[in-house]
Amino acid sequence: MSTTRTDRVAAREPDEPRPAVHRAAARQPDEPRSTVTCVFAVTETHPPDEVVTATPGHDGGGPLRVLAAGSLYLTVQDVPAAAFGEEALAQRLNRPAELERCARAHHRAVETAASAGPVVPLPMATLYLDDRNAVRAVAAREAPLRALLDRLRGRAEWAVKVHGPGSGHASTAAGGGPADGRSYLRRASARRRTERETRERALEQAHAVDRELRRYAAAATRHRPQSEQLTGRSVPQLLNAAYLVDDGQRAEFVRAVGELARDAHRSAVEVTVSGPWIPYSFARSDEVECAAHREAGA
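Residues numbered from 1 in each chain as written. Predicted model: local features only at pLDDT ≥ 70, side-chain atom pairs only at ≥ 80, totals over all residues. Heavy atoms only, no water.

Enquirer: Explain the pairing of strand 9 (residues 270-277) to me, please; I cannot follow it from the model alone.
Expert: Of all eight residues that make up strand 9, seven are buried, and the element is covered over most of its length. Note: strand 6 (residues 155-163) against strand 9, six bridges, orientation antiparallel. Counterpart to Ala159 in the pairing with strand 9 is Ser274. (Buried < 20%, exposed > 50% of the residue type's maximum accessible area, 1.4 Å probe, protein only. Helix = DSSP H or I, 4+ residues; strand = E, 2+ residues; numbered from the N terminus. Pairing = 2+ DSSP bridges.)

Enquirer: What is the right way to read the sheet that holds strand 5 (residues 119-128) from this model?
Expert: As a general point, the strands of a sheet are linked pairwise by backbone hydrogen bonds and lie either parallel or antiparallel. With respect to topology, four strands assemble into an open sheet ordered 3-4-2-5, the strand pairing being antiparallel. The sheet is open, and its two edges are formed by strand 3 (65-69) and strand 5, each paired on a single side. Within this sheet the neighbouring strands show an average axis-to-axis angle of 30°, counted without direction. Here six bridges tie strand 2 (residues 35-43) to strand 5, and the two strands are oriented antiparallel to one another. Note that in strand 5 the partner of Thr43 across the bridge is Val119. Strands in contact with helix 6 (residues 142-152) are strand 2, strand 4 (72-80) and strand 5; relative to strand 5, the strand with the most contacts, it is inclined by about 135°. (Axes fitted to C-alpha atoms, helices over the stretch in contact; angles between N-to-C directions. Contact = heavy atoms within 4.5 Å.)

Enquirer: Would you explain helix 4 (residues 96-114) in this entry?
Expert: Helical geometry note: an α-helix holds 3.6 residues per turn, so side chains three or four residues apart project in the same direction. Between its terminal C-alpha atoms helix 4 stretches 26 Å, which fits the 27 Å expected from 19 residues at 1.5 Å a residue. Buried within helix 4 we find Glu98, Cys102, Ala103, Ala105, His106, His107, Ala109, Val110, Thr112 and Ala113. (Expected span 1.5 Å × (residues − 1).)

Enquirer: Just to check I follow, could you spell out unusual backbone geometry for this structure?
Expert: Glycine aside, a negative phi is what most residues show, and trans is what most peptide bonds show. Between Gly275 and Pro276 the backbone carries a cis peptide bond, its omega angle lying at 0°. Its place among the elements puts Pro276 in strand 9. In this model, Ala125 sits at a positive phi of 60°, which is unusual for a non-glycine residue. Structurally, the position occupied by Ala125 is in strand 5. Take Ala125: its relative accessible area is 3%, and that puts it in the buried class.

Enquirer: When you look at the pattern of salt bridges in this model, what are you seeing that I'm missing?
Expert: Under the criterion given, the structure shown has 16 salt bridges. Measuring nitrogen to oxygen at the nearest pair gives 2.7 Å for the salt bridge that ties Arg65 to Asp78. Highlighted residues: Arg65 in strand 3 and Asp78 in strand 4, separated in sequence by 13 residues. With a closest N to O distance of 2.9 Å, Arg211 and Glu204 form a salt bridge. Taking the relative accessible area as the measure of exposure, Arg211 reaches 48% and is therefore partly exposed. Within this structure, Glu44, Arg146, Asp150 and Arg153 form a network of salt bridges that share partners. (Salt bridge = Lys/Arg side-chain N within 4 Å of Asp/Glu carboxyl O.)

Okay, structure coming up:
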């Protein structure tokens, strides 16, 4: 088992805590604006001013600051409208170095907001024309956002990945024997069958890991497995999951991962865990609203 607490942003996939870029709908002003308001996160408590002002945001923007929106608080930054216009932003985020720079700035601001307690991180590049539009949009969703903050209170995200054996791990038919074409085809067929069976067993192990860990989590989600090009590994990723775990269950969760990792290692399947992280994977207020409707019998 591997447990890491490195910079989460560098390790995440675009479908994890780098959510799709969000541009809030708003009427275009008659006069061009020099800045727009970028909103990073929502909290129920005002983050410490000294922490907020000491945290760098996006390059070229103003200092981080906090806005009140009803009973909630927004961590925001004034950013250059020209650099964050739809076309300019799309071009920047298509360049890996710029995407990484924006993601790191976003993550720093979210971590700063989280110093005040439960936090709802918003998608990267959530933009409004001005503070008033930002406050109005968040205040209009105060109830579901408060429900989400309650859901995330005292909980953190843990990421678990399972990598299966490469094709070379599977036992192959004996290399000796007749060298005629028919014998070669039989050996090739046996090798493919063995590799397929090995992968199926590894996938079942990955599913078993997920089923077991869900017993220790308040919520869980499975992300799309990362490609070998992204992981930098020569074996396939069989599971890419996130678990929302109560802080009081942390030791039990980590111990369960360790036991699963030891069992899996015997068959050359590797289980790794990292965390605790800000719960990006579980910070969707629309899911809370749907859950509330279901509980109310709507």
